[in-house]
Structures are given as structure tokens and as C-alpha cells.
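Here are the chains, one letter per residue:
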2 protein chains.
Amino acid sequence: MATINDVARAAGVSPSTVSYVLSGRRPISAQTRERVQAAIAELGFHPHAGARALASSRTNVLALVVPLRVDVNVPVIMQFATAVVTAARTHNHDVLLLTKDEGTAGLERVAHSTMVDALIVMDVEKDDLRIPALRRLKQPSVLIGLPADPDGIVCVDLDFAAAARETLRHLAGHGHRRIALVGPSPAVYRRGTSYAERFLAGFAEESAELGLETMTHPCEPGHDGVRTCLADIDAELPGVTALVVHNEEALRPLLDQLRTAGRRVPADVSVVAVCPRDVALAMPIPLTSVDIPSHDVGGLAVETAMKLLDGRSTEQIRLLPPTLVERESCAPPRE
Amino acid sequence: MATINDVARAAGVSPSTVSYVLSGRRPISAQTRERVQAAIAELGFHPHAGARALASSRTNVLALVVPLRVDVNVPVIMQFATAVVTAARTHNHDVLLLTKDEGTAGLERVAHSTMVDALIVMDVEKDDLRIPALRRLKQPSVLIGLPADPDGIVCVDLDFAAAARETLRHLAGHGHRRIALVGPSPAVYRRGTSYAERFLAGFAEESAELGLETMTHPCEPGHDGVRTCLADIDAELPGVTALVVHNEEALRPLLDQLRTAGRRVPADVSVVAVCPRDVALAMPIPLTSVDIPSHDVGGLAVETAMKLLDGRSTEQIRLLPPTLVERESCAPPRE
DNA sequence: TTGAAAGCGTTACCAT
DNA sequence: ATGGTAACGCTTTCAA
């Protein structure tokens, strides 16, 4: 493998000059630049990442921590991960993939051994034990989600409270007054993944503000969970005309069971989902939904990490405004 | 940050001794080892990854290339990725995540800059352009899949041909004679992802051997695709009693449409799926299926990469035997 | 605009 | 069983 010294010799310049041609950190005459670049091409020179990291204290690698437990949201996580990788590449960075199950130890390992310049952490819980650990690292980190005490750490996410409000306003605008929320599984609430609570809060507020009759109900995974959930809703809020579903996994069985029960969407009951666009589109009826913009959030996370690395300033919490997209699962309630 | 020299000084030994304590590459007296370990703990020493890579020509990082196009199989890919990360960690390696869309350039970039020790490549196509590039790298690589000319590169995968045979034997054992295969989307065949063809080949062979009446039909994504596919099957092979579904995405709509048409599973028609276990279980009826063992394949890929790095010998092609799991979607055909 | 040379923190070879 | 010390390949300060 050719080294920077080989290149320097071939181009008749000093190694530092080659380095500067590569980094652009100081002016180089057009002549020399060309000679150097020719030598680089001819020798097939590629800088050694380890040597660079050692000399510059920069790895050009980002750590991305994904939840391993194949919870509810595999496709979202995957979308997110690819978004992060793609965005990182536009900033000349690579991505080291860590799983959440390594916990604090994993973060400390890659940070202390200087494998990465910054960390991006998904699936953050309300009182996530990893947060105090992240604070202690010399590398900056960006969280996806919103822990109870985000002090000193930058967070990005979809504004789930606003999403809930938007959803209710949309349904109320169509004339709905009795609306039920099918929430994530109890496990999600228990785990304290804050998006669930933020959505709930927005839902409650807007419901009060608009004077709606609403209720909320978590939904266990699987067909039975959905069955129970629907039964409870009918018992507690009879004559409900619209369902807000913030539970990707429940979406399918829920639609199935509505159909089986002879309740047509949207003729008999309207449905608004909170999920990625493609999930909404993959349903038997294209669902009106608030999109979860994994791609944007991922891009924003990387963008933010880059700012931190450059010492540029950043908002500490950045919540993306939701967009509700009308499709075919919403209609005015029947008279 | 403490360096190995700091540790050496604190422990009253030479830096090389500290290094050897860490690597275990030469015998160390219990005494010294303890003193060194104490010093390491006290100073919170963590070896610098870049420095290590520079001195040892080993990064302890594996590259994993995943398809970015959110094709059919997002959950499988995710399962696979987490399996690779988990397995890599047990060998003290980390995983750098690359996306397929970077193509050959991405592979060369991480390999030439010595960011990784080996590469694991998913979603390999029959005449994948990346393969000649991989051959030229000094790092070894392991493919998931089976290209047309795997010469010089190690491949691991599920034995899809055997999976097809197993499936047909199972159905024939139940007394089925007229069986249709619902295959992947035409796009998959076009792309030349070899697993589709291997399954097809096994299906044809075993069908002939058992003297069955079979047909095969690719299946476009979406509800319409499934509808068309089912209609074609009924036209071409009337009285079909069993369906083999090698198309995760089609599974749901297919079951829906059978039910809508009043054909009950398994009373009226048996269904065997080829998909990950959890997908089979998530269906309204737990499906008899040949599991796609992402976890095992991922683990095997890493294991194989480690062998190559250690200079241990390896089979060039390793196809995992399929397991068919009986669940509730298979029964003898109606009289 | 360019060069020289001192690190960066390990490893591994050569000694003892 | 342990120590000394060249590498490893690059960046960056200091000089010119």
C-alpha cells in the first residue's frame, strides 16, 4: 500500500504538502496540486484511517445505537438507520452500528477508545440510564426522542404532541365528536419511551380545548389485544365515530376486525394512523395519517451532530412539525 | 486521556508489558499482571483504536453492507443486521454499516483506507458488479447469497433449493397433488437475486420427482398483484389444494383474499410460507413455514469472517439446511 | 507557497 | 518474564 511519503516522493514535494492538498487546509499552487493529485491517482493512494485518527483526533465515524429488541417498529428503525448512513456519507462520515442491548458499556467502549466522533442514540427512554453516561463522554451526542432530563444533550424528534393535536383538529373539522385513541402497547408506556406520553398529552389537551368526547386505550400486540381494545372502546365510548391509531402493529388486525364486524372505513368509522407513509399506503385502504418522517429525523440528527462537531450552535431540542396527509380513511360521521 | 505510557509508569513496568497484559500474547507473572490491571482501572485507561490499528494493521471492525432500497424484506434485513452485530461483538469486533447504494466505491473506500478487517455483503445478485471488486481487496469478504461465479469468495445462505423440496415433500406427505408456488415479485427475479431461482429450481426438481401437478407464478406487490396471481393460479391449475408462498409481502393480502373468497385455511386450502418465524406467527393463523433463519445466517457469516481472518480453513459455500415447522395452516386436501 | 520534523498511542521485534 | 525502542502513516506546528 502506498503511503503519503510515496506520494510525496513521486510528486517531488514534501509529505505535508500532500496532506494539505488532501485536506485543503492551506493554499496550494495549482501546479503542485496537480502533480500531487496525479501521483495520488497513479499510486492508488488511500489515506490510512487509523493513522489519520491518531494524528488528528478525528475518526470521521459516527456511532448509531439502535434498539435490538425487535419491538414494534422494525421498519421505522431500518428507515431511520439508512437515513443516518446516507446523511452521514454526505458529510464524509461513516456509521458504526451499535445495539441498545450493550447499554452504557457499548457507548463508553466506542467513545473511550476513540472510535467515533459523535453518537446518535435512538429509542431513548424517559429516564434512560445511558444519558448520564453520555454526558460524561468527551464526544457529543444527539438523541432521538426526549428524555425527562435532556439537560446538556441535544434531542431531535417528531413533535408528537402537535401530531395528536393536528389529528384531533382534522377529525373535529370533519364533524367528529366522539373519538378514541388506540395507543401503543402497555409495554411501551412502561418502558417510558416518551413519544407515547407526548402524544397522549397533546391528545388530552386538544380534546379538552375542542370539547370532544374522547378516550384513550393502550393496545396489546396481536389479534387478541386488538379485539380487547376495540371491545373496551365500544363499552366505554359507545357510538364512537373515529379512531386514532398510534400503534403500527395494531393497524392491520384492527382494520381486519372492523371489516369482519361489518364496520366500513370510512363510511362507518374514520381512522387516522400515526405511522410512516409507506405503512399507511400498504393498508387495504390508503390511510389518512400523520407521517413519521424517519428520513427527516435521521437527517436532522446527523446534521445536528455535524454542527456540534464544528462547534456551531444548535437548539437543544428540535421537534419537527407533523404533517397530516389526507388519504381515504376519513369521512364525516354518519347522521 | 491516559495512555499506555501512563499506565506503564503507574505500574512500574514498560509499555510493552502493559500491551502484553492486554493482548495476552506472552506470559506475564501474576504479580505484574495485577499491578498493571490495577493501574489500568485506576487511570481509566482505554486503548486508542486508531493507534492500535496503525501499529497492528487490525481494526477489529467488520463492514456490513445492507440493501438500502426498502424492498420487500425490511424486517429480515434488520434481523440479519442485528445478528451480525451481536455475533461480531462476541468476537470483540464492531460493525461499520454501509448501504448497497454506495456500490463498489463504498467497499473500496472502507477497505483501502483500512477501516475494516473484513466485509460482509448482503443482497448479492447473480452477476453482482461488486464481486470482482471484492476479489481485489486485501480484506476477505463473506457474501450472503450465491452469485453466479462465487470463485474465490466465501458464501453463506439458507439452502433454498432444499427448502423448496422439503416443502413439497411435506405437502405431498399430507396427500396434496396440485400445488402452486406464489413466488417473489418479478423485480426480484429481474434483479437476479439468486435465492428466488434456487427455490424455483428445487421446486421444479422435487415436483418432477414426486410426480406432482405444480405451477409457479411470481407475485407483484400489493393487493392487486395478489389478486391477479390468485386468479392466474385458479385458471391455470384449477382445483389447487395447496399454496407455497415465497413472498413475505404477499402473505397478508393473500390470506385476506382467501378468506374473503370463502376459502378457509387449512380446511379448503393449505398454505406453507417461506419466511422468518415471527412473520409466520404474526399471521391470523400461525403458518406452517420454512423459517428463514436470519439470526443463524448472520452468525455464520461472522463466524466465517473470523475464520478467514485467523487463517483457518473454511468451506467456500455453506448452505444451511432448512427447517420446516408445522403450525396450523396445513391439512390433508378435502375429498 | 512550501518543507522539516515532532508528535499521536500502540504493537512487536530484538534484547536481556 | 520483562524492557527498550523502532516502526505504523498521518497531521500540524514552526520555520523559511
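Conventions used here
- Residues numbered from 1 in each chain as written.
- Chains lettered and ligands numbered in written order.
- Predicted model: local features only at pLDDT ≥ 70, side-chain atom pairs only at ≥ 80, totals over all residues.
- Heavy atoms only, no water.
- Helix = DSSP H or I, 4+ residues; strand = E, 2+ residues; numbered from the N terminus.
- Rg over C-alpha atoms; globule rule 2.2 N^0.38 Å.
- Buried < 20%, exposed > 50% of the residue type's maximum accessible area, 1.4 Å probe, protein only.
- Areas by Shrake-Rupley, 256 points an atom, 1.4 Å probe, with all protein chains shown as cover.
- Lys, Arg positive; Asp, Glu negative; His and termini not counted.
- Charge placed at Lys NZ, Arg CZ, Asp CG, Glu CD.
- Near = heavy atom within 4 Å.
- Polar contact = N/O pair within 3.5 Å; in protein donor to acceptor, adjacent residues only side chain to side chain.
- Nonpolar A, V, L, I, M, F, W, Y, C, P; charged D, E, K, R; others polar.
- Phe/Tyr/Trp six-rings, centres within 6.5 Å; stacked < 30°, edge-to-face > 60°.
- UniProt positions renumbered as here; feature names shortened; annotations may be inferred.
- Least-squares fit on C-alpha atoms with pLDDT ≥ 70 in both.
- Contact = heavy atoms within 4.5 Å.
- Buried area = accessible area lost by both parts, 1.4 Å probe.
- Salt bridge = Lys/Arg side-chain N within 4 Å of Asp/Glu carboxyl O.
- Core = buried A, V, L, I, M, F, W, Y, C linked by side-chain atoms within 4.5 Å.
- Axes fitted to C-alpha atoms, helices over the stretch in contact; angles between N-to-C directions.
- Parallel < 35°, antiparallel > 145°, perpendicular 65-115°, else oblique.
- Left-handed = near helix turned anticlockwise from the far one by under 90°.
- Pairing = 2+ DSSP bridges.
- Expected span 1.5 Å × (residues − 1).

## Re the overall build of chain A
Now for step 1: The helix and strand inventory of chain A stands at 14 helices and twelve strands.
Now for step 2: Taken over the C-alpha trace, chain A has a radius of gyration of 25 Å; the compact-globule value for 335 residues is 20 Å, which it surpasses by more than 25%.
Now for step 3: Taken along the three principal axes of its C-alpha coordinates, chain A extends 85 × 35 × 35 Å.
Now for step 4: Here chain A, with 335 residues, has 55% of them falling under the buried criterion.
Now for step 5: Summed over its atoms, the accessible surface of chain A is roughly 14,100 Å², and 52% of this surface lies on carbon and sulfur atoms.
Now for step 6: Looking at charge distribution, chain A has the averaged site of its 34 positive side-chain charges lying 6 Å from that of its 41 negative ones.

## Remarks on the protein's contact with DNA strand D
Now for step 1: In the vicinity of DNA strand D lie 28 residues, with Ile4 and Tyr20 of chain A together with Thr17, Ser29 and Thr32 of chain B positioned nearest.
Now for step 2: A share of 54% of the atoms of DNA strand D within 4 Å of the protein falls on sugar and phosphate groups.
Now for step 3: Histidine 48 of chain A places a polar main-chain atom, nitrogen or oxygen, 3.2 Å from a phosphate oxygen of DNA strand D.
Now for step 4: Serine 16 of chain B is positioned such that a nitrogen or oxygen atom in its side chain is 3.2 Å from a base oxygen of DNA strand D.
Now for step 5: Going through the elements one at a time, α2 (15–23) and α4 (49–56) of chain A together with α2 (15–23) and α4 (49–56) of chain B are the ones with two or more residues in the surface near DNA strand D.
Now for step 6: It is α4 of chain A that contributes the most residues to the surface near DNA strand D, five residues altogether.
Now for step 7: Partitioning the surface near DNA strand D into residue classes produces twelve nonpolar, twelve polar and four charged.

## Some thoughts on the protein's contact with DNA strand C
Now for step 1: As a structural note, the neighbourhood of DNA strand C is formed by 29 residues, with Thr17 and Thr32 of chain A together with Ile4, Ser19 and Arg52 of chain B the closest of them.
Now for step 2: Counting only atoms of DNA strand C within 4 Å of the protein, the sugar-phosphate share comes to 51%.
Now for step 3: Residue threonine 32 of chain A places a side-chain N or O atom 2.4 Å away from a phosphate oxygen belonging to DNA strand C.
Now for step 4: Among the elements that take part in the surface near DNA strand C, α4 of chain B stands out by supplying five residues, more than any other.
Now for step 5: Looking at side-chain class alone, the surface near DNA strand C contains twelve nonpolar, 13 polar and four charged residues.

## What about the packing of aromatic side chains?
The geometry of an aromatic ring pair is captured by the separation of the ring centres together with the interplanar angle, meaning the angle of the planes.
All names here are of chain A.
Now for step 1: This structure, assessed with the given rule, holds two aromatic pairs over all chains.
Now for step 2: Between phenylalanine 160 and tyrosine 195, the aromatic rings sit 5.3 Å apart at their centres with planes inclined by 40°, giving tilted as the arrangement. Of this pair, phenylalanine 160 sits in helix α8 (residues 160–173) while tyrosine 195 is found in helix α10 (residues 194–210), placing the two residues 35 residues apart along the sequence. A single burial state applies to phenylalanine 160 and to tyrosine 195, both of which are buried.

## Considering the UniProt feature "domain: HTH lacI-type" (unreviewed entry) in chain A
Now for step 1: Cross-referencing UniProt, the feature "domain: HTH lacI-type" (unreviewed entry) maps to residues 2–56 of chain A in the present numbering.
Now for step 2: Taken end to end, residues 2–56 of chain A comprises 71% helix and 0% strand; its first and last C-alpha atoms sit 20 Å apart.

## Considerations on the relation of the copies chain A and chain B
Now for step 1: Between the two copies, chain A and chain B, the superposition gives an RMSD of 0.2 Å; the rotation angle is 180° and the shift along the axis is 0.0 Å. Considering both components of the superposition, the chain copies are consistent with a two-fold axis.
Now for step 2: The residues that chain A uses at the interface reappear at the interface of chain B in 100% of cases, marking a shared surface.

## Some words on the side chain of threonine 304 of chain B
Residue and element names in this part refer to chain B.
Now for step 1: Relative to the helices and strands, threonine 304 resides in helix α14 (residues 294–310).
Now for step 2: According to the relative accessible area criterion, threonine 304 is buried, its value standing at 4%.
Now for step 3: Within the structure, threonine 304 has its side chain in polar contact with the backbone oxygen of leucine 300 (distance 2.6 Å).
Now for step 4: Excluding residues that lie within four positions of it along the chain, threonine 304 makes contacts with Val142, Val154, Val156 and Thr314.

## Details of the interface of chain A and chain B
Now for step 1: Taken together, the 45 residues of chain A in the interface contact 45 residues of chain B.
Now for step 2: Area buried by chain A at its contact with chain B is led by Met78, Leu97 and His112 of chain A, which between them contribute 15% of it.
Now for step 3: Across the contact surface, chain A and chain B share six salt bridges.
Now for step 4: Salt-bridge contacts for arginine 252 of chain B lead to aspartate 256 of chain A; the nearest nitrogen and oxygen are separated by 2.8 Å.

## A closer look at the nonpolar core
Now for step 1: Counting residues in hydrophobic clusters, the biggest one holds 54 residues, and the most contacted among them are Leu64, Ile120 and Ile144 of chain A together with Leu64, Ile120 and Ile144 of chain B.
Now for step 2: Beyond its immediate sequence surroundings of up to four residues, leucine 64 of chain A is in contact with Phe80, Ala81, Val84, Val95, Leu96, Leu97, Leu98, Ile120 and Met122 of chain A.
Now for step 3: The next biggest cluster of nonpolar side chains, apart from the first, holds 40 residues, and it includes Val61 and Leu98 of chain A together with Val124 and Leu143 of chain B.

## Focus on the packing of helix α11 (residues 222–236) of chain A against helix α12 (residues 248–260) of chain A
How two helices sit against one another is set out by the angle between their axes and by the gap between those axes.
Residues and elements named next belong to chain A.
Now for step 1: At a minimum axis distance of 9 Å, the contact between α11 and α12 shows a crossing angle of 60°. One way to sum up the angle between α11 and α12 is to call them oblique. For the pair α11 and α12, the crossing hand works out as right-handed. Contacts between α11 and α12 involve His223, Val226, Arg227 and Leu230 from the first element and Ala250, Pro253, Leu254, Asp256, Gln257 and Leu258 from the second.
Now for step 2: A breakdown of the residues in the contact of α11 with α12 according to their chemical character gives six nonpolar, two polar and two charged.

## Quick word on the side chain of arginine 252 of chain B
Now for step 1: Looking at where arginine 252 of chain B falls in the secondary structure, it is placed in helix α12 (residues 248–260).
Now for step 2: In this structure arginine 252 of chain B comes out as buried when scored by relative accessible area, which is 12%.
Now for step 3: At 2.8 Å, the side chain of arginine 252 of chain B and the side chain of aspartate 256 of chain A are in polar contact.
Now for step 4: Contact partners of arginine 252 of chain B, with chain neighbours within four places excluded, come to His223, Arg252, Pro253 and Asp256 of chain A together with Ala282, Met283 and Pro284 of chain B.

## What about the sheet that holds strand β9 (residues 270–275) of chain B?
All names here are of chain B.
Now for step 1: The strand order across the open sheet formed by six strands is β7-β6-β8-β9-β10-β12, and the pairing between neighbours is mixed. Both edges of this open sheet fall to β7 (213–217) and β12 (324–325), since each of them pairs with a single strand only.
Now for step 2: Bridge count between strand β8 (residues 242–245) and β9: four bridges; the pairing is parallel. Counterpart to leucine 243 in the pairing with β9 is valine 271.
Now for step 3: Set on the sheet, helix α11 (residues 222–236) makes contact with β6 (178–182), β7 and β8; between it and β7 the angle comes to about 155°.

## So, the pairing of strand β5 (residues 154–158) of chain A
Residues and elements named next belong to chain A.
Now for step 1: With five of its five residues buried, β5 lies for the most part within the structure.
Now for step 2: As paired strands, strand β4 (residues 141–144) and β5 are joined by three bridges and run parallel to one another. Directly across from valine 142, in β5, lies its bridge partner valine 154.
Now for step 3: Judged from the four bridges that link them, β5 and strand β11 (residues 317–320) form a sheet pairing that is parallel. When the sheet's bridge partners are listed, cysteine 155 is paired in β11 with isoleucine 317.

## Structural notes on α11 of chain A
Residues three or four positions apart in an α-helix share a direction because the helix packs 3.6 residues into each turn.
Now for step 1: Relative to the 21 Å expected for 15 residues at 1.5 Å per residue, α11 of chain A spans 21 Å between its end C-alpha atoms, a close match to the ideal helical length.
Now for step 2: Tucked inside the fold, the buried residues of α11 of chain A contact β6 (178–183), β7 (213–218), β8 (242–245) and α12 of chain A together with α12 and α13 (277–282) of chain B.

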